[in-house]
Amino acid sequence: MQERIVITGLGAVSPIGLTAEESWQNALKGVSGVGQITLFDASELPVRIACEVKGFRPENYMDAKEVRRRDRFEQFATAAAQEAIRQAGLQIPPAQANRVGVIVSSAIGGLTSLQQGIYTYFLESPRRVSPFIIPMLMSNGAAGLISIDYGFTGPCFSVGSACASGADGIGVAWMLLRLGVIDVAIAGASEATITGIGITAFDRAGAISRRNEDYSMVPQPFDLNRDGLVMGEGAAIMVLERESFARARGADILAELAGYAASADGYHITAPLEDGSGGAMAIRLALQAAEVNPDEVGYINAHGTGTELNDKSETRAIKAAFGELAYRIPISSTKSMTGHMMGATGALEAIFCVQAVRDQVVPPTIHYQTPDPECDLDYVPNQARQVPLRVAISNAFGFGGHNAVLVIRAYP
């Protein structure tokens, strides 16, 4: 029997909170993170709303020099890692530093720095481009900086699987721990894509809601009148450990990461398989890896973007994986509050599953008004719900046909 992998620390920076706990409490209250874009002048764009992180001051987490040298997504990751490591009480002597891995992903990386660098190149001079632009834009930058900050010298990299990146990164960390390659992993993801080119690109793909004036009811995952996602930003990181290592150092164990699986639709670069079979395969394999029966699952944190295709295909995936049980499982999309944080969302939603198991309560899908006959499951509309909960799963699906599923189980 392979050793259990446990979770000992959580950290997050999100559109609804500057810590994991603040984000969770606001999710339970149904707080929306949507607002007018303030990070840049979006007045000429067809999309002028997003879920921005509010009140974030990077100088609270690093010195002024590092603020200038770290892209916004790296700043978010720095803050979330500090919170998670602090909660875990993690103190690693230098002799064991190679037993700590850092797998912190990003779907897109430092888009803010890349866009600014291109502006500078064309509008000013190539000589004015920052010499730090490469480490600021590379998607593995956050992982590298966290390893440098703490002196961790184990495996260090970023997983790139679009909006499944955060969940896949946590899953890869789980596999490394089970293989005995490392004792501890700092795992999660960070994203900061609310830029002119980021908003425009997703709008041109037809994925974003354009309800700029009346955004009080967007996004609307699983609702008949859903009209697209709202872009979000932020970071979410957890500390994972082999159970024996965590117990030996007297760590407070929050939950168990019991299983992970991934699959590919092999179908289309942006559209999901309409029958949901790729997602269903990942769900089944994750439950098998966790040795969890379908009837033990008490909550699903859905990918739930609020786009026409995603919500229907995910509903079909859940039905295919669970059969008639699907109608009895509470399901919610916390993207209705946080927006779609791209690669970071799957990591935050895994954290929400840990907190749901801990508190025996599931967050709502806000903005839900009109049922869609093709999305006919229990989406926990508008109000959090107390439930007896031992096992939760988190779905993360991404462009390219990526499907990643994590299984969180209460620690006995």
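See above for the structure.
Calculation notes
Residues numbered from 1 in each chain as written. Predicted model: local features only at pLDDT ≥ 70, side-chain atom pairs only at ≥ 80, totals over all residues. Heavy atoms only, no water. Helix = DSSP H or I, 4+ residues; strand = E, 2+ residues; numbered from the N terminus. Contact = heavy atoms within 4.5 Å. Axes fitted to C-alpha atoms, helices over the stretch in contact; angles between N-to-C directions. Parallel < 35°, antiparallel > 145°, perpendicular 65-115°, else oblique. Left-handed = near helix turned anticlockwise from the far one by under 90°. Nonpolar A, V, L, I, M, F, W, Y, C, P; charged D, E, K, R; others polar. Pairing = 2+ DSSP bridges. Buried < 20%, exposed > 50% of the residue type's maximum accessible area, 1.4 Å probe, protein only.

## Side note on the environment of Gln355
No. 1: Position of Gln355 among the secondary structure elements: in helix α13 (residues 345-359).
No. 2: Along the backbone, Gln355 and Asp223 are 132 residues apart, and their C-alpha atoms lie at a distance of 25 Å.
No. 3: Residues contacting Gln355, with those up to four places away along its chain left out, are Leu10, Ala20, Glu21 and Trp24.

## Side note on the packing of helix α10 (residues 277-290) against helix α11 (residues 308-322)
No. 1: In the contact formed by α10 and α11, the axes pass within 8 Å of each other and the chain directions differ by 45°. Between α10 and α11, the crossing angle belongs to the class labelled oblique. As α10 runs across α11, the sense of the crossing is right-handed. Residues Gly279, Ala280, Ile283, Arg284 and Leu287 of α10 form the contact with α11, whose own contacting residues are Ala317, Ile318, Ala320, Ala321 and Phe322.
No. 2: Classifying every residue of the contact of α10 with α11 gives 8 nonpolar, 1 polar and 1 charged.

## Describing the sheet that holds strand β8 (residues 255-264)
No. 1: Spatial strand order, β5-β4-β6-β7-β1-β8-β14-β13-β9-β10: 10 strands in an open sheet with mixed pairing. With partners counted over all chains shown, the strands left at the sheet margins are β5 (156-157) and β10 (331-332), one partner each.
No. 2: The strands touched by helix α6 (residues 141-150) are β4 (100-105), β5, β6 (184-191) and β7 (234-242); relative to β4, the strand with the most contacts, the crossing angle is about 150°.
No. 3: The strands touched by helix α7 (residues 165-179) are β1 (5-13), β4, β5, β6, β7, β8, β13 (391-398) and β14 (402-409); relative to β8, the strand with the most contacts, the crossing angle is about 115°.

## What to know about unusual backbone geometry
No. 1: Geometrically, the link from Val218 to Pro219 is a cis peptide bond, its omega value of -10° lying close to zero.
No. 2: Summarising the element assignment, Pro219 is placed in the loop between α8 (196-204) and β7.
No. 3: In this structure, Gln360 is a non-glycine residue whose phi angle is positive, near 55°.
No. 4: Tracing the chain through its elements places Gln360 in the loop between α13 and β11 (361-362).

## Some words on helix α1 (residues 20-29)
No. 1: For α1, every residue scored as buried is listed here: Ala20, Ser23, Trp24, Asn26, Ala27 and Leu28.
No. 2: Structurally, α1 contributes buried residues whose contacts are with β1, α3 (72-88), α12 (335-338), α13 and β11.
No. 3: Once α1 ends, the next one or two residues include Gly30, with phi positive near 75°.

## Regarding the packing of α3 against α6
Between two packed helices, what matters for the description is the angle formed by their axes and the separation of those axes.
No. 1: Here α3 crosses α6 at 45°, and the two axes come no closer than 9 Å. Here α3 is positioned oblique relative to α6, judged by the angle of their axes. Crossing hand, α3 versus α6: right-handed. Seen from α3, the contacting residues are Phe73, Glu74, Ala77, Thr78, Ala81, Gln82 and Ile85; seen from α6, they are Gly141, Ala142, Leu145, Ile146, Asp149 and Tyr150.
No. 2: Taken together, the residues of the contact of α3 with α6 sort by class into 8 nonpolar, 3 polar and 2 charged.

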